[in-house]
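Residue-level listing of the chains:
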Amino acid sequence: MNNENTLVGKLTKFCNSVYGAAIIGFLVIFTAFINFIQFNQYPFFSMGILLNILVIVALSFCMALVYKFAPQSIKNFLIFLLGMFGLGLYSQSIWGYVLLLVLYIIVKNRLLGIYAVLSLVILVTSPVKYLFVQDAEIPLTEKRVGTQPFILHLVMDEHIGLKGLDSYIVDVKDAKTEIRDFYNKNGFNLYEGAYSKQSITVNSMPIILNFGDETFKNNGFMQEVSLGDNKYFNLLEEKGYEIKIFQSDFIDYCKHSSVIACETTLRSGPMPADIDQENLTIFEKTWVVGYPFVANSPLIRMLFFGLDNTVILLNEFGMDIDVVMAVGRGQLISPYGLSTFNQLNKAIEHAKPGQVYFTHAIFPHSPYIFDKNCKLKKYANWAGQLRPTGTREHREEANIDQNFCATLQVEKILDTLNQSAVKDNYIVIIHGDHGSRITEVIPEIERIEHASNDDIIKSFSTMFAVKYARPIKLNNENAYSVDNLLGTIANNNFLPIEIDQLKDEPPMIFINDAEWQPQLKRPLPIYNKSE
């Protein structure tokens, strides 16, 4: 009997037809998209989702038309490419691609049918309940109630210090005054010359939480790390504290015996549903959901990173190219940082003495897309750190707006604290992990000779402020490392410190290579500008 007359033969023939290829292409991408939406707990019935589904339909039929008129060799390539793209949206494992290659070699003519079956199985077995957003609850598993002051420890990612703002070319006098006045009015000691010894989070946070220990080695470029085992958490445990963690999925702080609850959010994804998108056009609403989806595929990421790095390189060689960076403005990190503040604010209502809420909010991290009142800007006004996302003035002004938004979030948190059960007995420690890094040249070892002092200062200057249970007023502009400040305060039982208690050390920083590995230790340029 002719194989084409069997059920399998007929299905194989249909799968390899134009209509079959279009339907299967749609199934592969649509199923991955639904899986992506479920994973991010994003509301299914929203404009951004529906628009992206229409794009998937159109893309599937365009691919089918190409498939119809292409020679067999191109058809085979398109089938393999569809598999690589679809697989990359689920898994980054090299073994998945090896399996795909084996299937391609053995059952090339039936590969589209296999795609269809796998997509249908995933689609049908996907739990419907995740199509609707539900508020995440913080597990309340306290073992005891202490008498020590409640501590809110807030790491604000990429928050530049006040002295570091002097390296900006825009007028920062009013911004510095407003931020300084806010912290002074609310009883904080402000260390305006604070700096981090590292400009990369996975390198800076281990040094900070281990009070200056520089022996930690990261896992490489863009690799997650676990920092639960650190001297700071050990000291908190010795003092009888219980710790609740609010973190992104980039650094895991939760693996410590004193951690009683852990709330983890994504570092990036589609625009969070709780962010007002009224200033975005229909195209932009499609983009802020669709780009994070396709960026899960290594193929797409390689394409966009290649584009971004090419533009950066051309600019460094004197060409003036100003484009929308695919990663710089498409990777939605800062909205998730803002959502972390919302989660933290709700949790603080349940704060108790003897607890530490350790929070690493990816904010005011780029992209800079919020105005000073935390409203989403029009897309044309978004900016990132690096030159292709706008002029230096535009990027600096956008960063200052987002710093104001971060300050507004701190104000909301203080309001909640002052109405909570710990209102008369709490400590707040706020610091950055490194500077804003709004540079013309990235101060890596390969480019350090071309980096200016301003480039370096903007990469390492960072925020540090502390509000003690018994506040004393102190502003200091000297250059103290964050690990020196935190270690001294923690080892002084979180009581106000005197300047002579801090380690007397010259301000030294590490310069990394492109793989985030330290290569050079050198002095931090002097903050040589004054108001």
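Student: Would you take a moment to explain the overall build of the protein for this structure?
Tutor: Looking only at helices and strands, the protein has 16 helices and twelve strands in total. The 531 residues of the protein split such that 55% are buried.

Student: Looking at this model, I keep getting lost on a negative patch on the surface. Mind explaining?
Tutor: Residues Asp171, Asp174, Glu178 and Asp181 make up a contiguous surface patch of negative charge. With respect to the element layout, Asp171 can be found in the loop between strand E1 (150-156) and helix H7 (173-185). With a relative accessible area of 64%, Asp171 lands in the exposed category.

Student: Please clarify how the pattern of salt bridges should be interpreted in this entry.
Tutor: Where charged atoms from two side chains of opposite charge come close, those side chains can pair. By the definition in use, this model includes 15 salt bridges. With a shortest N-O distance of 2.9 Å, Glu158 and Arg437 are connected by a salt bridge. In this pair, Glu158 sits in the loop between E1 and H7 while Arg437 sits in the loop between strand E8 (426-431) and helix H15 (453-460), placing the two residues 279 residues apart along the sequence. Judged by relative accessible area, which is 0%, Glu158 ranks as buried. For Glu214, the salt bridge goes to Lys521, with nearest N and O atoms at 3.2 Å. Here the residue Glu214 occupies a position in the loop between helix H8 (201-209) and strand E3 (225-226), and Lys521 occupies one in strand E12 (residues 518-523), the gap between them amounting to 307 residues. In this structure Glu214 comes out as partly exposed when scored by relative accessible area, which is 33%.

Student: Teacher, can you tell me more about the state of the cysteines here?
Tutor: In protein structure, a disulfide is the covalent linkage between the sulfur atoms of two cysteines. Scanning the entire structure with this criterion turns up two disulfides. Between the sulfur atoms of Cys254 and its disulfide mate Cys262 the distance is 1.7 Å. Between Cys254 and Cys262, the S-S torsion sits near 50 degrees, and that sign places the bridge as right-handed. Classification of Cys254 as buried rests on a relative accessible area of 17%.

Student: Help me out: how do you make sense of the pairing of E8 in this one?
Tutor: Look at any regular strand and the pattern is simple: side chains alternate between the two faces of the sheet. For E8, the tally of buried residues reaches six of six residues, placing the bulk of the element in the interior. Where burial is concerned, the two faces of E8 agree: the one with Tyr426, Val428 and Ile430 and the one with Ile427, Ile429 and His431 are both buried. Pairing of E1 with E8, which is carried by six bridges, proceeds in the parallel orientation. Note on E8: the bridge partner recorded for Ile151 is Ile427.

Student: Explain the confidence of the model for the protein to me, please; I cannot follow it from the model alone.
Tutor: Looking at the protein, the pLDDT average stands at 83 and 84% of residues meet or exceed 70. Predicted confidence is poor over residues 128-142, with pLDDT under 50, and the contacts of this stretch with residues over four places away or in other chains come to 29 contacts.

Student: For this particular structure, what's the right way to read the pairing of strand E7 (residues 355-361)?
Tutor: Across the seven residues of E7, seven count as buried, placing the element largely inside the fold. As defined by bridge partners, strand E4 (residues 242-248) adjoins E7 across five bridges and the pair is classed as parallel. The partner of Phe246 across the bridge, within E7, is Thr359.

Student: Is there a simple way to explain the environment of Ile348 in this structure?
Tutor: In this fold, Ile348 is placed in helix H13 (residues 334-348). Those residues in contact with Ile348 that sit more than four places away from it in its chain are Leu152, Tyr357, Ile413, Thr416, Leu417 and Ser420.

Student: How should I be thinking about the side chain of Ser119 in this particular structure?
Tutor: By secondary structure assignment, the location of Ser119 is in helix H6 (residues 111-125). What Ser119 contacts, discounting residues up to four positions off in sequence, is Leu27, Val28 and Thr31.

What counts, and at which threshold
Here, residues in each chain are numbered from 1, in the same order as that chain's written sequence. The predicted nature of this model means local features are confined to residues of pLDDT at least 70 and side-chain atom pairs, given and counted, to a pLDDT of 80 or more, with totals for whole chains, interfaces and linings taken over all residues. For side-chain calculations, the full set of non-hydrogen atoms in the structure is used, while hydrogens and water are omitted. Helical segments are the DSSP runs of H or I of at least four residues, strand segments are the runs of E of at least two, and each set is numbered from the N terminus. Any residue under 20% of the maximum accessible area for its type is buried, any over 50% is exposed, and the rest in between are partly exposed; the area is computed with a 1.4 Å probe on protein chains only. To count toward a patch, a residue needs a relative accessible area over 30% and no salt bridge; like charges are then connected within 9 Å, while nonpolar side chains (Val, Leu, Ile, Met, Phe, Trp, Tyr) are connected within 5 Å. Using a 1.4 Å probe, accessible areas were evaluated by the Shrake-Rupley method; residue-level cover was limited to the displayed protein chains. Take a side-chain nitrogen of Lys or Arg and a carboxyl oxygen of Asp or Glu: if they are within 4 Å of each other, that pair is a salt bridge. The positive count covers Lys and Arg only, the negative count covers Asp and Glu only, and His and the chain ends enter neither. By convention, the charge on Lys lies at NZ, on Arg at CZ, on Asp at CG and on Glu at CD. Criterion for a disulfide: a pair of cysteine sulfur atoms within 2.5 Å. We treat two strands as partners when DSSP finds at least two bridges between them. A score from 0 to 100, pLDDT tells how confident the predictor is in each residue. Residues count as neighbours in contact if any of their non-hydrogen atoms are within 4.5 Å of one another.

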